[in-house]
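Each chain, written out:
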Amino acid sequence: MSLNSVSTLFTTRRVGVVAAVLSAALLAACGSNVKLDDVPVVDRTGTAANGAGGPGGQGSGVDQRGVAGVQVPGTNGNQPQAMQRIVYFDYDSFEVKQEFAGTLEANARYLKANPSARVNLEGHTDERGGREYNLALGQKRAEAVRRSLSLLGVGEAQMEAVSFGEEKPAQVGGDEAAWSKNRRVELTYR
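To keep things clear, this report deals only with the structure shown in the data block. (Residues numbered from 1 in each chain as written. Predicted model: local features only at pLDDT ≥ 70, side-chain atom pairs only at ≥ 80, totals over all residues. Heavy atoms only, no water.)

### As for the nonpolar core
This is how the line gets drawn: Note on terminology: a nonpolar core comprises buried Ala, Val, Leu, Ile, Met, Phe, Trp, Tyr and Cys residues joined through side-chain atoms within 4.5 Å. Relative accessible area decides the class of each residue, using a 1.4 Å probe on protein chains only: under 20% of the type maximum gives buried, over 50% gives exposed, and in between gives partly exposed. In DSSP terms, a helix is any run of H or I states spanning at least four residues, a strand is any run of E spanning at least two, and both are numbered starting from the N terminus. Any two residues whose heavy atoms approach within 4.5 Å at even a single point are treated as in contact.
Judged by nonpolar contacts, the single largest core of 21 residues is most densely connected at Val-87, Leu-111, Val-119, Leu-121, Val-145, Leu-149 and Leu-187. Of all the elements in the fold, those that place two or more residues in this core are helix H2 (101-113), strand E2 (119-124), helix H3 (131-151), strand E3 (159-165) and strand E4 (184-189). With 5 residues, the top contributor of residues to this core is H2. If near-sequence neighbours (up to four positions away) are discounted, Val-145 is found in contact with Val-87, Phe-89, Val-96, Leu-104, Leu-121, Val-185 and Leu-187.

### Things to note about the packing of aromatic side chains
Defined as follows: Two aromatic rings, drawn from Phe, Tyr or Trp (for Trp, its six-membered ring), form a pair once their centres lie within 6.5 Å of each other, and the interplanar angle then sorts them: stacked below 30 degrees, edge-to-face above 60, tilted otherwise. In this scheme, the term charge over a ring applies when either NZ of a lysine or CZ of an arginine sits within 6 Å of the ring centre and within 35 degrees of the ring normal.
In total, this model carries 2 aromatic pairs according to the counting rule given. Ring centres of Tyr-110 and Tyr-189 lie 5.2 Å apart, and the angle between their planes is 85 degrees; on these two criteria the pair is classed as edge-to-face. Here Tyr-110, found in helix H2, pairs with Tyr-189, found in strand E4; they are 79 residues apart in sequence, far enough to count as distant. For Tyr-189, a relative accessible area of 3% translates into the label buried. A cation over an aromatic ring shows up here: Lys-168 above the ring of Phe-164, its NZ or CZ 4.3 Å from the ring centre. Above the ring of Tyr-88, the side-chain terminus of Lys-181 is found at 5.2 Å from the ring centroid.

Without other data, these values stay purely geometric and don't point to any function.
What follows is the structure, given as structure tokens:
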């Protein structure tokens, strides 16, 4: 083997090693240290979500980022006082039951009397079913409540239907008592 061939072989290997090191460095730079499982939680139950005290603890109404909620005039903690704001559903259904007509009528009266008020219609499901199915079912439930409020005279611009699927259970558990509390639409004023 000539000196020229050895030099070419050595240069080719060096270029390969340099390319491998640069590729590894580039891939390492593209990595993210954001933890997708760490979601800020607003504690509205009066108990600490992640331990007691400080922002996000003991019913502070402040999420883990330290951002406080917005106060809507005429409401208590963003919500109209003394009014039910949850509609429950049967298993695998998005039909609004007659027993919640009074709840929807009261919310419609409030929204019509306060045209600047806005409401999120947050659809939820129990844990049974696939993630995509539950997101779609939660959206159908939220849309059913939106249609009911619209028929009662609430303006479309005042409502936004969103779905959380099974992601935000009201009650944790694997029995019908827990599941029945999770199949719901919450009317959240903003």
